[in-house]
Amino acid sequence: SPTNKNLMIDAAKLCKQNGIPYFFDPGQMVHTFSKQELELLISHCEGLFTNEYEMSLLTKNLGVDKKMLYKNIKLVVETLGENGSIISFQNELHRITALPVKTNDPTGCGDVYRAAFLTEIQSEFPAMTQSTIKRAGDRASQLASMILKK
């Protein structure tokens, strides 16, 4: 739940206990988690999704830099708005270009990006390759830009 951090923590614990892979997206709740809670949530996640602002808060709260996250989390996706996104998969970086679109309201782009990315990798999960990740990032960027055109 994006509005209840305790539900997010409980869900992650249940996934861990039952061997179910999960992706963690702290979203706008990132500032409400303690360092220990964030460590718990990311220590067993299959992947982490953030935007640039959330990443800055996350690294600050954890006292680490992005490189440490890239090293310790299999998949890290950071969206950068008009600057595209950075995806680290198994500590290899992919820079994804955003398609040029003019907008005053980017509402929903992150949600579309994440949904498209996860849809693209599902057929190969968990045995994804670097090319799978790059293709998923490109597709996610393409679809997120489409929502801005409307």
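Throughout what follows, the structure given in this document is the object of discussion. (Residues numbered from 1 in each chain as written. Predicted model: local features only at pLDDT ≥ 70, side-chain atom pairs only at ≥ 80, totals over all residues. Heavy atoms only, no water.)

### Some details on the environment of Met146
And step 1. Counting through the fold element by element, Met146 comes out in helix H6 (residues 130–148).
And step 2. Classification of Met146 as partly exposed rests on a relative accessible area of 43%.
And step 3. Taking the C-alpha atoms as reference points, Met146 and Lys5, separated by 141 residues in sequence, lie 31 Å from one another. (Helix = DSSP H or I, 4+ residues; strand = E, 2+ residues; numbered from the N terminus. Buried < 20%, exposed > 50% of the residue type's maximum accessible area, 1.4 Å probe, protein only.)

### Re the nonpolar core
And step 1. Phe24, Phe33, Ile42, Leu48, Leu58, Leu69 and Ile73 are the most contacted members of the largest nonpolar core, which has 24 residues in total.
And step 2. Elements that contribute at least two residues to this core include exactly helix H1 (5–17), helix H2 (35–43), helix H3 (52–62) and helix H4 (66–72).
And step 3. Those residues in contact with Leu48 that lie beyond four places of it in its chain are Phe24, Pro26, Ile42, Leu58, Leu69, Ile73, Leu75, Val76 and Val77.
And step 4. Core analysis: the next-biggest nonpolar cluster, separate from the first, contains 15 residues, Phe49, Ile96, Ala116 and Ile121 among them. (Core = buried A, V, L, I, M, F, W, Y, C linked by side-chain atoms within 4.5 Å. Contact = heavy atoms within 4.5 Å.)

### Focus on the pairing of strand S2 (residues 47–51)
And step 1. S2 sits mainly inside the fold: 4 of its 5 residues count as buried.
And step 2. Of the pairings in the sheet, the one linking strand S1 (residues 23–24) to S2 comprises 2 bridges and is parallel in character. Bridge pairing in S2 places Phe24 opposite Leu48.
And step 3. For the segment spanning S1, H2 and S2, crossover handedness is right-handed.
And step 4. The sheet contact formed by S2 and strand S3 (residues 75–79) spans 5 bridges and is parallel. Bridge pairing in S3 places Asn51 opposite Thr79. (Pairing = 2+ DSSP bridges. Right-handed = clockwise from strand over helix to strand, strands pointing away.)

### Here's the deal with the environment of Ile73
And step 1. Along the chain, Ile73 falls in the loop between H4 and S3.
And step 2. For Ile73, a relative accessible area of 3% translates into the label buried.

### Observations concerning H2
And step 1. Along H2, the positions that sit buried rather than exposed are Glu37, Leu38, Leu41 and Ile42. Angularly, the buried residues of H2 cover 120° about the axis, an arc narrow enough to put them on a single face. (Arc of directions from axis to C-beta.)

### Quick look at the sheet that holds strand S5 (residues 92–96)
And step 1. Read from one edge to the other, the open sheet built from 5 strands follows the order S1-S2-S3-S4-S5, with strand pairing classed as mixed. With one partner strand each, in any of the chains shown, S1 and S5 form the two edges of the open sheet.
And step 2. Where S3 lies against strand S4 (residues 85–89), 5 bridges are found, and the strand directions are antiparallel. Within S4, the position partnered with Val77 by the bridge is Ile87.

### A closer look at unusual backbone geometry
The phi torsion of most residues other than glycine is negative, and most of the peptide bonds are trans.
And step 1. The amide bond that connects Phe125 to the next residue, Pro126, takes the cis arrangement and shows omega of 5°.
And step 2. Topologically, Pro126 is positioned in the loop between helix H5 (109–121) and H6.
And step 3. Although it is not a glycine, Gln90 adopts a positive phi angle of roughly 50°.
And step 4. Structurally, the position occupied by Gln90 is in the loop between S4 and S5.
And step 5. Even without being glycine, Asn91 reaches a positive phi, approximately 65°.
And step 6. By the secondary structure assignment, Asn91 is in the loop between S4 and S5.

### A short note on the side chain of Ser141
And step 1. Tracing the chain through its elements places Ser141 in helix H6.
And step 2. Ser141 has contacts with Ile96, Thr97, Ala98, Leu99 and Tyr113, leaving out every residue within four places of it along the chain.

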